[in-house]
Amino acid sequence: MIRSSRKLPSLPYFWSLIDWTLPSLNPYKGKLQRAQNVADLAAIAKKRTPKVVFDYVEGSAVDEVAYDRTRQALARVEINSRVLRDVSDIDTSTKILGKSIDLPICFAPTGYTRLMHHVGEPAVANVAAENNLIYALSTMGTTSPAELAAAVPNARRWFQLYVMKNRSDTLAVIKQAKDAGFEALVLTVDTPVAGLRYRDNRNGLTVPPKIRLSTVLSIARKPIWWLNLFTTGKLEFAAFRGWDKPLSELAALIFDPSTDFDDIKWLRTVWDGPIVIKGIQSVADAKAVAKCGVQGIILSNHGGRQFDRGPVPLEILPEVVDAVGKKVEVYIDGGMMSGLDALSAVALGAKAVFIGRAYLYGAMANGEKGVQQVIDLMRREFINGMSLSGSRTIEEVQKNGAQIRSSFHE
Ligand SMILES: Cc1cc2nc3c(=O)[nH]c(=O)nc-3n(C[C@H](O)[C@H](O)[C@H](O)COP(=O)(O)O)c2cc1C
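Values in this document were obtained by computation on a predicted structure and should not be read as measured data.

Chemist: A description of the overall build of the protein should follow, citing residues and the corresponding values.
Modeler: In terms of regular secondary structure, the protein is built from 19 helices and 12 strands. Computed over the C-alpha atoms, the radius of gyration of the protein is 23 Å, within 12% of the 22 Å expected from 2.2 N^0.38 for a compact globule of 410 residues. Principal-axis analysis of the C-alpha atoms places the extent of the protein at approximately 85 × 55 × 40 Å. Counting every position in the protein, which comprises 410 residues, the buried fraction comes to 51%. At a minimum sequence separation of 6, the contacts of the protein that also span at least 24 residues come to 73%. When the accessible surface of the protein is summed, it comes to about 19900 Å², and 55% of that surface belongs to carbon and sulfur atoms. Seen as two clouds, the 51 positive and the 42 negative side-chain charges of the protein have centres 5 Å apart.

Chemist: Break down a negative patch on the surface for me, citing the residues and quoting the values.
Modeler: Residues Asp 86, Asp 89, Asp 91 and Asp 102 make up a contiguous surface patch of negative charge. Looking at where Asp 89 falls in the secondary structure, it is placed in the loop between strand E1 (77-79) and strand E2 (94-96). For Asp 89, a relative accessible area of 62% puts it in the exposed group.

Chemist: Give me the side chain of Ser 144: which residues, what numbers.
Modeler: Secondary-structure assignment places Ser 144 in the loop between strand E5 (134-137) and helix H8 (145-151). In this structure Ser 144 touches Leu 137, Gln 176, Ala 238 and Arg 241, once residues within four positions along its chain are discounted.

Chemist: Let's hear about the pattern of salt bridges: which residues, and what values?
Modeler: Applying the stated rule across the entire model yields 17 salt bridges. For Arg 167, the salt bridge goes to Asp 256, with nearest N and O atoms at 3.0 Å. Of this pair, Arg 167 sits in helix H9 (residues 167-179) while Asp 256 sits in the loop between helix H13 (247-254) and helix H14 (261-270); the two residues are 89 residues apart in sequence, bridging distant segments of the chain. Taking relative accessible area as the criterion, Arg 167 reaches 25% and is therefore assigned partly exposed. The salt bridge involving Asp 179 is made with Lys 175; its shortest N-O contact spans 2.7 Å. You can see Asp 179 and its partner Lys 175 sitting in helix H9, 4 residues apart, about one turn around the helix. Both residues of the pair, Asp 179 and Lys 175, count as exposed. Through salt bridges with shared partners, one network takes in Lys 51, Asp 55, Glu 58, Glu 64 and Arg 199.

Chemist: Tell me about the site of the ligand, and name the residues and values.
Modeler: Neighbouring the ligand are 25 residues; Pro 109, Ser 138, Thr 188, Asp 333 and Gly 335 lie closest to it. For the ligand, an oxygen atom lies 2.7 Å from a polar atom in the backbone of Pro 109. Between the ligand and Thr 188 there is a distance of 2.8 Å, counted from an oxygen atom to a side-chain nitrogen or oxygen. Contact with the protein chains hides 98% of the accessible area of the ligand, taken as 600 Å² for the molecule alone.

Chemist: Please give an account of the packing of helix H7 (residues 121-130) against helix H18 (residues 357-388) that cites residues and values.
Modeler: Each packed pair of helices is defined by two parameters, the angle between the axes and the distance between the axes. Packing of H7 against H18 brings their axes to within 9 Å, and their N-to-C directions diverge by 15 degrees. Looking at the two axes, H7 sits roughly parallel to H18. Note that H7 runs across H18; the crossing there is left-handed. When H7 is examined against H18, the residues Ala 123, Val 124, Asn 126 and Val 127 are found in contact with a partner set consisting of Tyr 359, Glu 368, Val 371, Gln 372 and Ile 375.

Chemist: Pulling in residues and values, what's your account of a nonpolar patch on the surface?
Modeler: On the surface, Leu 11, Phe 14, Trp 15 and Trp 20 cluster together to form a nonpolar patch covering roughly 550 Å² of accessible area. Overall, Trp 15 belongs to the exposed group, its relative accessible area being 52%.

Chemist: Before we move on, could you go through the environment of Ala 125 and cite the residues and values that matter?
Modeler: By the secondary structure assignment, Ala 125 is in helix H7. A relative accessible area of 0% means that Ala 125 is categorised as buried. Counting along the chain gives 26 residues from Ala 125 to Ala 151, while the straight-line C-alpha distance between them is 8.9 Å.

Chemist: Please set out the pairing of strand E6 (residues 156-161) residue by residue, giving values where relevant.
Modeler: With 6 of 6 residues buried, E6 is to be regarded as a mostly interior element. Here E6 shows no split at all, with Arg 156, Trp 158 and Gln 160 on one side and Arg 157, Phe 159 and Leu 161 on the other all buried. Sheet analysis places E5 next to E6, joined by 4 bridges and oriented parallel. The residue bridging Tyr 135 from the neighbouring strand is Arg 157, located in E6. As paired strands, E6 and strand E7 (residues 184-188) are joined by 4 bridges and run parallel to one another. Bridge pairing links Phe 159 to Leu 185 in E7. Handedness of the E6-H9-E7 crossover: right-handed.

Chemist: Got a sec to walk through the nonpolar core? Specific residues and values, please.
Modeler: Phe 107, Ile 297, Leu 314 and Ile 355 are the most contacted members of the largest nonpolar core, which totals 110 residues. When neighbours within four sequence positions are excluded, Ile 297 is seen to be in contact with Val 276, Ile 277, Ile 280, Ala 286, Val 289, Val 320, Val 324, Val 328, Glu 329, Val 330 and Tyr 331. Ranked by size, the runner-up nonpolar core spans 15 residues in total, among them Ile 134, Ala 184, Val 186 and Ala 352.

Chemist: Give me the lowdown on unusual backbone geometry, citing residues and values where you can.
Modeler: For Glu 64, which is not glycine, the phi torsion reads 60 degrees and is therefore positive. Along the chain, the position of Glu 64 falls in the loop between helix H4 (51-58) and helix H5 (65-75). A residue is classified by how much of its surface remains accessible, and Glu 64, at 18% relative accessible area, is buried. Residues other than glycine seldom take positive phi values, yet His 302 does so here, at roughly 60 degrees.

What counts and how
- Residues numbered from 1 in each chain as written.
- Predicted model: local features only at pLDDT ≥ 70, side-chain atom pairs only at ≥ 80, totals over all residues.
- Heavy atoms only, no water.
- Helix = DSSP H or I, 4+ residues; strand = E, 2+ residues; numbered from the N terminus.
- Rg over C-alpha atoms; globule rule 2.2 N^0.38 Å.
- Buried < 20%, exposed > 50% of the residue type's maximum accessible area, 1.4 Å probe, protein only.
- Contact = heavy atoms within 4.5 Å.
- Areas by Shrake-Rupley, 256 points an atom, 1.4 Å probe, with all protein chains shown as cover.
- Lys, Arg positive; Asp, Glu negative; His and termini not counted.
- Charge placed at Lys NZ, Arg CZ, Asp CG, Glu CD.
- Patch = residues over 30% accessible without salt bridge, like charges linked within 9 Å, V, L, I, M, F, W, Y side chains within 5 Å.
- Salt bridge = Lys/Arg side-chain N within 4 Å of Asp/Glu carboxyl O.
- Near = heavy atom within 4 Å.
- Polar contact = N/O pair within 3.5 Å; in protein donor to acceptor, adjacent residues only side chain to side chain.
- Axes fitted to C-alpha atoms, helices over the stretch in contact; angles between N-to-C directions.
- Parallel < 35°, antiparallel > 145°, perpendicular 65-115°, else oblique.
- Left-handed = near helix turned anticlockwise from the far one by under 90°.
- Pairing = 2+ DSSP bridges.
- Right-handed = clockwise from strand over helix to strand, strands pointing away.
- Core = buried A, V, L, I, M, F, W, Y, C linked by side-chain atoms within 4.5 Å.

Here's what the structure looks like:
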């Protein structure tokens, strides 16, 4: 048997191993530094924000089945891997609507962003600008199109729209986007009526939050979040400033259940720039929409927050790309929590993916820096995945391709 020879411990060697960094006064600093992935940031976000806010972001509709299926489908993707390629130089850039972005991961529109972090939409759009990515501002944003353009003039800005009950209201909102120099309109079509979000109803979510007895407890638990809320501007739907209507009335005006294909044709006549249709969930609708003269579609089930028994966008992605990919750009969103999720969707044919919850977790965990960290982590995973599967460019990722296994284990 071989034994190691023992000697007296070397004090200088022991000394050299000690990490002399003093613990930070910020209890989250170490955790943020150690975060390996978006899930780690989500865990920090959960600790830093009131339950009502975290649940609003994390939750989905009804039984939350569609979101679970969306996540499971991503875990079933198998990316074809090639070896012995020189992968010392990886290029993650791609072209969206004729212009290059540095990574095929962009920011989906999310309402109420200042609820998640007091800086809100401009913080996210600034990360988009710094990383040469696209930011889509929601109609339900807490920053108006003009304010966003003023705060982050160099970001590629898309504006997400709902066709509202009153077409003149729709036109007024479109005008705000046009005047503020937004590049494209994203029409969300999976929300003819609001989804049923039981978590939010149970938590009594309102915007702005109502001060109740439970609020006082929440303030005691998350004082910094509340301090930020009370010491920064009013929380409101900025595109509807001056409408002065309660949320329930506003929602009834914003979503028009009678919206149909003619509305897309109408939109074409009032907006000269690119139009992207968000919320396509079938091959047939992808084909029908592609005929309306739009430039892109986002396959999306709204992150499982609308219809809780619809198809999983990822599972129809290859067929949709086959059917309309030459006519319109096909993007996808839903459940993208890692660079490998994004790589999977791109390998299955998506031009780019959009993230929602992922960046909101970053914002809740650490504001703009947290959003940047999400992009850094996802980029690291994306590049690592490209290298290990032998693809140097997005074109090669798509040439190598991927398939969705029928079950996780088989
Ligand atoms: C908190 C939150 C608010 C959202 N608000 C909107 C919205 O106002 N308009 C819209 O079209 N989609 C909205 N979405 C859906 C996102 O644009 C996107 O489709 C979805 O988040 C993708 O799934 P993921 O969150 O798993 O990435 C929202 C999503 C979240 C999480």
